[in-house]
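# Remarks on the overall topology
The chain contents come next:
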Number of protein chains: 2
Amino acid sequence: MAQTEQAKSMRKARSEASFNTYELTCLLWGGPRIVKERRAAFERVEKALGTYDTSKLPRCYAENNREALFEQGLQMGKVCLDDMLQYKHEHFVWITPRYNLVNASPFGHKAILFEPGMEHNGTEEQKAKWLPLARAGKILGTYAQTELGHGSFVRGIETTATFDEDTDEFIVHTPTISSTKFWPAGLGFSTTHGTVMARLIVGNEDHGPHIFLVQLRSVEDGKPMPGIRMGDVGLKLGYNEADNGFASFDRVRIPRSQMLMAHSQLTREGRFTKNPLRAKLSYSVMLLVRAKMPGVFSVQLAQALTIATRYSVVRQQGLGPADAFSTESSVLYYKHQHFRLLSMIAKSYAMFFASRACDMQYNQLREMQNKNDNSLLPSVHALTAGLKAYVTSEAVDGAEDARKLCGGHGYMAISGLPDIIGALAGGATFEGENYVLWQQVGRHLLKQLDRLQDGEPVEAQVQYLAELNLNAACAAQGEEFLGFDVQLSIYRDRAHRLIFKAHKAIRAASKPPTEAWNEHMMLLISASRAHIEYFILKSFNDTICSLPYGPTAPALRMMLCWMRDLFALSTIINPRSVDVLSFVETADTHQPYLSSAQLDTMRSLVNKRLDGLLPHIIALTDAWDFSDASLCSAIGMYDGNVYENIMRWVEQLPINQNAWKNGGVQQGWKDWVDPILKREIGVAAKL
Amino acid sequence: MAQTEQAKSMRKARSEASFNTYELTCLLWGGPRIVKERRAAFERVEKALGTYDTSKLPRCYAENNREALFEQGLQMGKVCLDDMLQYKHEHFVWITPRYNLVNASPFGHKAILFEPGMEHNGTEEQKAKWLPLARAGKILGTYAQTELGHGSFVRGIETTATFDEDTDEFIVHTPTISSTKFWPAGLGFSTTHGTVMARLIVGNEDHGPHIFLVQLRSVEDGKPMPGIRMGDVGLKLGYNEADNGFASFDRVRIPRSQMLMAHSQLTREGRFTKNPLRAKLSYSVMLLVRAKMPGVFSVQLAQALTIATRYSVVRQQGLGPADAFSTESSVLYYKHQHFRLLSMIAKSYAMFFASRACDMQYNQLREMQNKNDNSLLPSVHALTAGLKAYVTSEAVDGAEDARKLCGGHGYMAISGLPDIIGALAGGATFEGENYVLWQQVGRHLLKQLDRLQDGEPVEAQVQYLAELNLNAACAAQGEEFLGFDVQLSIYRDRAHRLIFKAHKAIRAASKPPTEAWNEHMMLLISASRAHIEYFILKSFNDTICSLPYGPTAPALRMMLCWMRDLFALSTIINPRSVDVLSFVETADTHQPYLSSAQLDTMRSLVNKRLDGLLPHIIALTDAWDFSDASLCSAIGMYDGNVYENIMRWVEQLPINQNAWKNGGVQQGWKDWVDPILKREIGVAAKL
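Since the structure is predicted, the reported quantities are computational estimates derived from the model, not experimental observations.

### Considering the pattern of salt bridges
Following the criterion strictly, the structure yields 98 salt bridges over all chains and no others. R59 of chain A is the salt-bridge partner of E71 of chain A, the closest N and O atoms lying 2.3 Å from each other. Of this pair, E71 of chain A sits in helix 5 (residues 66–87) while R59 of chain A sits in helix 4 (residues 59–62), and the two are twelve residues apart along the sequence. Classification of E71 of chain A as partly exposed rests on a relative accessible area of 21%. Put simply, D600 of chain B and K501 of chain A hold a salt bridge, and the shortest N to O gap is 2.9 Å. With D600 of chain B in helix 21 (residues 596–613) and K501 of chain A in helix 16 (residues 484–507), this pair bridges two chains.

Written out as structure tokens, the structure is:
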């Protein structure tokens, strides 16, 4: 193909970076060896899936009904499992070849919920029996907790497992429509076993929810086990490669040995015992997924931004009616375009670096738990909950804005953006609904402040609650706002003010605690969010401080410092930022924490950083090292040949191919259009 | 069916309203006669489409690939055209039976762009020839302006219409890939004629874009006319019932009489003349659609809120980990749930009332234009542009938040929410990209301020720019914030400050105007937005003031006043509101316009209004009078039988029906699952 104007623009934009893109890639993914391995793994899998040759219309755009998307998910799941087996790596345990969370595959629960759940909740004997089978793929598992009428509130589930002492079995049963197990990936058609949450009933006693291993289907022929009725929930906003399903149980019998008994036990005689301390461990499975989500979601946001950035570079448009420009120019040049893109790029990096800090804390928790020390659980629980809620919310909003930045073409499925947005949209709900999580963070923060006020030690992350005076106004001026200490102090002081304010409102209320909690819920959520935003900014700087030194490092370091500045300041002055009044509100006085003049200074400094970063915008998105196949976007390919790529793909759409075979006419013409044109009576509808 | 708990909850919630729901319905739709007509029209069309019996899974969820959705759109389009013809009404000119904008149908451009475009741009002779054919459905038209490489910037389009004096014809041609006509609804397969925007070339002269009537297909057999290649752009985020398409023209000849010549003329000899004054009229077609969009989009947001409200009433959930509640209770009771729902319900009403005020101004413009008076054009242009940008942006964000309020079930297609969100998401782009529109509003406001400073009269809508002192802080306290004058002054003062600030920054800059414009673009957009938000609040109160008096009116009036209070105050203190710093920032001093204490007062008052409105929440959504079929939602039906409705629909999904016929096994099991279970080597992938 001849070199198009668009491809030339892309090459020019790519050449303008003054730092080493590959060095940033290595920082993001963990070093040259991993980068190389990842590239090879993606290439193999993309070739196996037939997506590597991006001149071909990807199958997901050609065959797109419920059945076809699910079948593509089965293929993708198997190809990934095979590749990890053959080449001994784990690159697809958490993400798919399109960088979705792995439960975009029907087998997604296998490695992230079913096997870890067994590890955390099974006895040594149970683990020895089931884990090798699961890991070898001799059984395929899912985790069935939520029910049609019961989501976040585990204590409310209705499915029962009633002990039958006569036969030494449990009878698993869904007594109502609302108790139908609902949502687990793979439940529809493709898993053989489930770890099923059900209320343990012994005699007249209800011991509350416990986990039971239930065989769902024959491993021989895939037929459902007797008494189990399963199916698919239909199309969703995203994750349509997975058969998120439902299951009702009609008095299904399983042996007593299939209750997971690491934390609670039921003897042959029906005697129930429980170890409350160990029960906390069952949380850790949920924590694992939550700890991983911020990273995956940051990367998916980066995908959307990569597509939008590439398209913005090559797309030309005059702003005719505003008379600002007399000829067409790259839309990237317009302030609102690069303000939004670069602010979000900075945020995607900020959240990704924070996700790694969170990951490290989770790993530390696990190490200590292996030594029976659960002391880190509350703080890691709060951190993962808050970061999950923050990142999933910002990522979907950011990807949707990235789509809007692509104009009409971002509205087409083949832009790749609708699928990314649909996947990100699920994050607000699954693995803990965000507003529920924010309250969990808030509860933790209030407890920490209780401790502080009682003179007890608090965790390092909230140490700032002890350090400051309230009510101080920010004293910085001019370029002082580019100093990290000033930036961090603004975020820290805000979190401090809000946590104290929420604590006072809820703890000092004359109302019953429940009512006070509900009345001040929005304030509590703000406090939780401010704490997490402080953590994210801090993590960004920690990452910069940990950069290795080397000949090309100063250029990269400067770029990351600029991105940190942009994140810190644009989050305050961006009109679409969440909860910004709290940056200026102080507790008691009429003096704002930040004056209008200071905010205007920040706006100028943001413009300065935007000007500095704009030449590097392609490099900053290239650095994520996304393959064209993984972006799956006609407008976001590396070469910038947007218009050729769009037309090449739309021409391959089956609806067009079929019409052209019939001389350009769809069957629908005969059925619906022709009768309109040929009818005898005129249409009355006019304006 | 036995009365479920959910249905009981719904009946109880419905019974709590103290105002007359039907009276509000009549206020919304324009009186009892129209309400009755609408109901009858929807019922007839729903019966014809097979959606009226909501126990049946709607076809759009059963057959959902590209081809099937388009075919459903053809059917829907024909049924609506037939009903309007037979029963002589216009209820489906702007909306479809699912309350989408009518260009969700392949024939959508017919009545809203093709025919009005002909009316505005055709000569009397052209109108006499073509309009009767179009109105009688003897030809089906679309409007083809945008190209693959050219969107908002009309002057940049590349398609040419070259005059051939020898034959007295134009040669319509798309010389490049980027000039391919792209996006018009119906272009793909289902329209016969297009009003095509192309550059008029006469000899060596390029007279810029003009509109030409081009026959696209044979009205006999639907085959494309020679030299025209057309097809579909594939699946989109929404509007998949329409065949938004592309077309390339290879030297297609049309007679000279098919250039629409009301504003410019080309003689037989190739002499070109133009009436610059009349040329402004060509804007009015675009204005018509923009003037209608805020209404349609407010109603679609109301649909999403109706679904979310109904589901919230019947959904129970404890907040286990927060320990706030010990038993499960309706999620509606939680502050974040009803804060978000009621704030958005208030906003949907506010935007709808503003859209009607906008509609009235548009009609006034048209009346004056019919008398050759274009003096209202700039102000109506700015108002429609700004309201379109505001409403489309808030509506999609609101509907997405409504979806999040439904937890996992809002993620399913059968909730109806993904389709509503997908449709709303298009609004930011089509009929004028929102950030382009905001700049047009800004340009108008700056010009008005220029006039004011030059001592010339300004339009009524910006008269407030002359009335106020800058820098005043708000003096209100306590319940004074429930007074409309105080509320309006807060919005007015903000708009005032921002418009003056933007004017100063851009007009007084030492930089070239283009650069100053770009540098301060975000500020200009804020100013435009603030002006529109002021207009919306004002319109809300105007509607209340215009309420007729009657025996039940006081209850309704009070409800609407509470909603106005909620809109006015929650927009300021909602953490997710856009651009709220500008409510507190003043131009020069350290004194904020609103102090923290005043903001906390507003928060208390918002809680007070939430408490007052909560018992009426079902009535406030019922009032829109949406039929169950138009909501097309398993979780949003009138009866509240959420769980029964979900299961009834998912059981009818073809993917489940087919599997159950095969003993519960999908074909995919044999192809992909069985080989995993039966392979000889173990899987290495473990955590």
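### Some details on the pairing of strand 6 (residues 205–215) of chain B
Residue and element names in this part refer to chain B. Where strand 5 (residues 193–202) lies against strand 6, nine bridges are found, and the strand directions are antiparallel. Opposite R199, over in strand 6, you have P209 as the bridge partner. Linking two consecutive strands that pair antiparallel, namely strand 5 and strand 6, is a turn of two residues; a positive phi of about 60 degrees is found at G203 within it.

### Topic: the sheet that holds strand 4 (residues 181–182) of chain B
If you walk across this open sheet you meet the three strands as 4-8-7 (chain B), and the pairing is antiparallel. Each of the sheet's edge strands pairs with one partner strand only, and the pair in question is strand 4 and strand 7 (228–232) of chain B. Examined bridge by bridge, strand 4 of chain B and strand 8 (residues 245–249) of chain B share two bridges and lie antiparallel to one another. Looking at strand 8 of chain B, one finds that F182 of chain B is bridged to F246 of chain B. Along the sheet, helix 25 (residues 654–661) of chain A contacts strand 7 and strand 8 of chain B; its crossing angle with strand 7 of chain B, the most-contacted strand, is approximately 140 degrees.

### A closer look at the domain arrangement of chain A
Residue and element names in this part refer to chain A. For chain A, the domain assignment lists domain 1 (1–57 + 282–653) and domain 2 (106–270). Here the C-alpha centre of domain 2 lies 36 Å away from the C-alpha centre of domain 1. Taken together, the contact pairs 14 residues of domain 1 with eleven residues of domain 2. Taking both partners together, domain 1 and domain 2 bury about 1,000 Å²; carbon and sulfur atoms supply 67% of that area. Viewed at the interface, domain 2 and domain 1 are joined by zero salt bridges. Taken together, the connections running from domain 1 to domain 2 amount to zero residue pairs in polar contact (both at pLDDT 80 or more). For the side of domain 1 that touches domain 2, the elements supplying multiple residues, two or more each, are helix 10 (283–314) and helix 13 (417–425).

About the criteria used
Within any chain, residue numbers begin from 1 and follow the written order of that chain's sequence. For this description, chains carry letters from A and ligands carry numbers from 1, given in the order in which they are written. The predicted nature of this model means local features are confined to residues of pLDDT at least 70 and side-chain atom pairs, given and counted, to a pLDDT of 80 or more, with totals for whole chains, interfaces and linings taken over all residues. Heavy atoms throughout the structure, all of them, feed into the side-chain values; hydrogens and water do not. Put simply, a salt bridge is a Lys or Arg side-chain nitrogen that is within 4 Å of an Asp or Glu carboxyl oxygen. For the purposes of this entry, the term helix denotes a DSSP run of H or I that reaches at least four residues, the term strand denotes a run of E that reaches at least two, and both are numbered from the N terminus. The buried label applies to any residue whose accessible area, calculated with a 1.4 Å probe on protein chains only, is under 20% of its type's maximum; exposed applies above 50%, and partly exposed to all values in between. At least two DSSP bridges between two strands are required for those strands to pair. The contact rule is simple, with two residues in contact once any of their heavy atoms fall within 4.5 Å. Only C-alpha atoms enter the line fits that serve as axes; for helices the fit covers just the stretch in contact. Angles between N-to-C directions range over 0 to 180 degrees. Domain extents, as shown, originate in an automatic or database domain assignment. We define buried area as the total accessible area lost by two parts upon association, computed with a 1.4 Å probe and summed across both. By the criterion applied in these results, polar contacts are pairs of N or O atoms within 3.5 Å in which, for protein atoms, one can donate a hydrogen and the other can accept it, and in which residues neighboring in sequence qualify only through two side-chain atoms.

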